[in-house]
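Residue strings, one per chain:
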Amino acid sequence: MTGSSVAGKRILLIVAGGIAAYKTLELIRLLRAQGCAVTCVLTPSGAQFVTPLSLQALSEDKVYSDLFSLTDESEMGHIQLSRSADLLVVAPASADILARMAAGLASDLASTVLLATDKPVLVAPAMNVRMWLHPATQANMALLAQRGVSVVGPDEGAMACNEYGRGRMAEPPAILAAIQEQLGQARPLAGRHAVVTSGPTYEPIDPVRYIANRSSGRQGHAIAGGLAALGARVTLVSGPVSIPAPPGVDLVPIETAEQMLRACMQSLPADVAVFAAAVADWRVAHAARGKLKKTDAGTPQLELVQNPDILASVAALKQNRPALVIGFAAETGDVLQNAADKLARKGCDWIVANDVSPETGIMGGEENAVHLVTRDGAETWPRMDKRAVARRLASRIAVVLGTPATETSPLRGPG
Ligand code: C5P
């Protein structure tokens, strides 16, 4: 049912010091729910934030903390511990442990295991924004990246220390998605069907003229590609764009909003639908059959009528509603509030919201800075390449569709 790439895998989870350690408990729960074995190493500073007992209860395994504990050594030496997992994950990864990793220190069990391992390592940094931005931390991160260490986050947002900025540990579902990606063969959406809308719509005035918008289709097409890369069968319903459909997706080319609605409905059932198209809000009520001529009688009067709202129509379906209906919201102010209102108004599950004010440079640019708004709250993702936004969204979709329905929604933040 889950199709998860983490089922049957082993993670060695190193919990370093940081207030974000409480989120690691949720990560363990998610990993266990996906059938992944988790063994924890708790650093002394990590133990200031979570107890060995809570890690042990959730991981259902022994928790290791002391390099020189005879009991630990008798059960499993640190070298063996470092190699028995498929992947080592450091979450939260404090500035201190990242520095020790970069320096190659082996001063405690966590750093020793990280030095001794021959397995891939993923870190989820969590620290104050100044510590993250400090050249020392940035140099350490660059060095670790050079050595093949992968990183997820940190995210931007309010911090426990009352500051705002980048440094919050990535949310557990995002870390799970990164773990799935790391564990390779990730086709968690195999057997799933996704419908994605993309591009503009063209609304005819007459046989040669139309009303359109500047949508390039870049973000929608990237999402279609991201979902296909995770194994989904993807139907891409797109208005006219100048970019090719990503490999492996079924393209349904349309021009008008009404055609887009019909194509979407015909593509159902689907497990997930992502509405990234810039659908024209209005169409010309009575498009002329023949080309309108310039006459002395003056300019033609175009009567506009409202187009169907495709996102809202699919979200409102009683039968065949995809389990996950996702819309976009491009705003120029009050982004989060407007997105939350849109979520309620359209009846969808998630809204990917972004601020497209001219000063952000996002419109027409390569990068995007989005908030993922759900019924349970909002997450701010760091500014990243539009394809990276697509990959991350696809991974998040995979986390939800790959989690047994009886589990709590993994998007429910830990408070
Ligand atoms: O209402 P607004 O256009 O701001 O909503 C944007 C979201 O709704 C996008 O996800 C867009 O693809 C979708 N939409 C739609 N059909 C419309 C208008 C918008 O699917 N007619």
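Since this is a predicted model, take the numbers as computed values, not measurements.

**Some remarks on the nonpolar core**
So, step 1. The biggest cluster of nonpolar side chains holds 34 residues, and the ones touching the most others in it are Ile 11, Leu 13, Val 89, Ile 175 and Ile 179.
So, step 2. Mapped by element, the contributors of at least two residues to this core are strand S1 (10-15), helix H1 (21-33), strand S2 (37-42), strand S4 (87-93), strand S5 (121-125) and helix H9 (172-182).
So, step 3. Ranked by size, the runner-up nonpolar core spans 31 residues in total, among them Leu 230, Val 274, Leu 324 and Leu 372.

**Quick notes on the layout of surface pockets**
So, step 1. Each pocket or cavity is described by its volume, and for the largest pocket that value is around 1,200 Å³.
So, step 2. In terms of lining, the largest pocket is formed by 41 residues, of which the most central are Ala 276, Ala 277, Ala 278, Val 279 and Ala 330.
So, step 3. Where the lining of the largest pocket is concerned, the elements lending two or more residues are strand S9 (193-198), helix H10 (218-229), strand S16 (304-306), helix H12 (310-315), strand S17 (324-331) and helix H13 (335-346).
So, step 4. Its residues placed into classes, the lining of the largest pocket shows 19 nonpolar, 15 polar and seven charged.

**Considerations on the sheet that holds S17**
What holds strands together in a sheet is hydrogen bonding between their backbones, with the strands either parallel or antiparallel.
So, step 1. With mixed pairing, the eight strands of this open sheet are ordered in space as S13-S12-S9-S14-S17-S18-S20-S21. The open sheet has two edge strands, strand S13 (250-253) and strand S21 (377-380), and neither has a second partner. Each strand axis lies, on average, 20° off the axis of its neighbour in the sheet, ignoring direction.
So, step 2. Sheet contacts for H10: S9, strand S12 (233-238), strand S14 (272-275) and S17; angle to S9, the most-contacted strand, approximately 165°.
So, step 3. Relative to S9, helix H11 (residues 257-267) is tilted by about 175°, and along the sheet it contacts S9, S12, S13 and S14.

**Side note on the site of the ligand**
So, step 1. By nearness alone, every residue bordering the ligand is listed as Phe 275, Ala 277, Val 279, Pro 308, Asp 309, Ile 310, Leu 311, Gly 327, Phe 328, Lys 342 and Lys 346.
So, step 2. The backbone of Phe 275 places a nitrogen or oxygen atom 2.6 Å from an oxygen atom of the ligand.
So, step 3. Residue Lys 342 places a side-chain N or O atom 2.4 Å away from an oxygen atom belonging to the ligand.
So, step 4. For the ligand, whose accessible area on its own is 450 Å², the fraction buried by protein is 83%.
So, step 5. Taken atom by atom, the bulk of the ligand overlaps the largest pocket.
So, step 6. Going through the elements one at a time, H12, S17 and H13 are the ones with two or more residues in the shell around the ligand.

**Details of the domain arrangement of the chain**
So, step 1. Assigned domains within the chain: domain 1 (3-183) and domain 2 (193-402).
So, step 2. Centre-to-centre separation of domain 1 and domain 2, based on C-alpha positions: 37 Å.
So, step 3. In this assembly, 12 residues from domain 1 lie in contact with eight residues from domain 2.
So, step 4. Counting the surface lost from both domain 1 and domain 2, the interface buries some 930 Å², and carbon and sulfur atoms represent 54% of this.

What counts, and at which threshold
- Residues numbered from 1 in each chain as written.
- Predicted model: local features only at pLDDT ≥ 70, side-chain atom pairs only at ≥ 80, totals over all residues.
- Heavy atoms only, no water.
- Core = buried A, V, L, I, M, F, W, Y, C linked by side-chain atoms within 4.5 Å.
- Buried < 20%, exposed > 50% of the residue type's maximum accessible area, 1.4 Å probe, protein only.
- Helix = DSSP H or I, 4+ residues; strand = E, 2+ residues; numbered from the N terminus.
- 1 Å grid on protein atoms, 1.4 Å probe; cavity = no way out; pocket = protein on both sides within 12 Å on 5 of 7 lines; lining within 4 Å.
- Points joined across faces, edges and corners; volume = space filled by probe spheres on them.
- Nonpolar A, V, L, I, M, F, W, Y, C, P; charged D, E, K, R; others polar.
- Pairing = 2+ DSSP bridges.
- Axes fitted to C-alpha atoms, helices over the stretch in contact; angles between N-to-C directions.
- Contact = heavy atoms within 4.5 Å.
- Near = heavy atom within 4 Å.
- Polar contact = N/O pair within 3.5 Å; in protein donor to acceptor, adjacent residues only side chain to side chain.
- Areas by Shrake-Rupley, 256 points an atom, 1.4 Å probe, with all protein chains shown as cover.
- Sits in = over half its atoms within 2 Å of the grid points.
- Domains from an automatic or database assignment.
- Buried area = accessible area lost by both parts, 1.4 Å probe.

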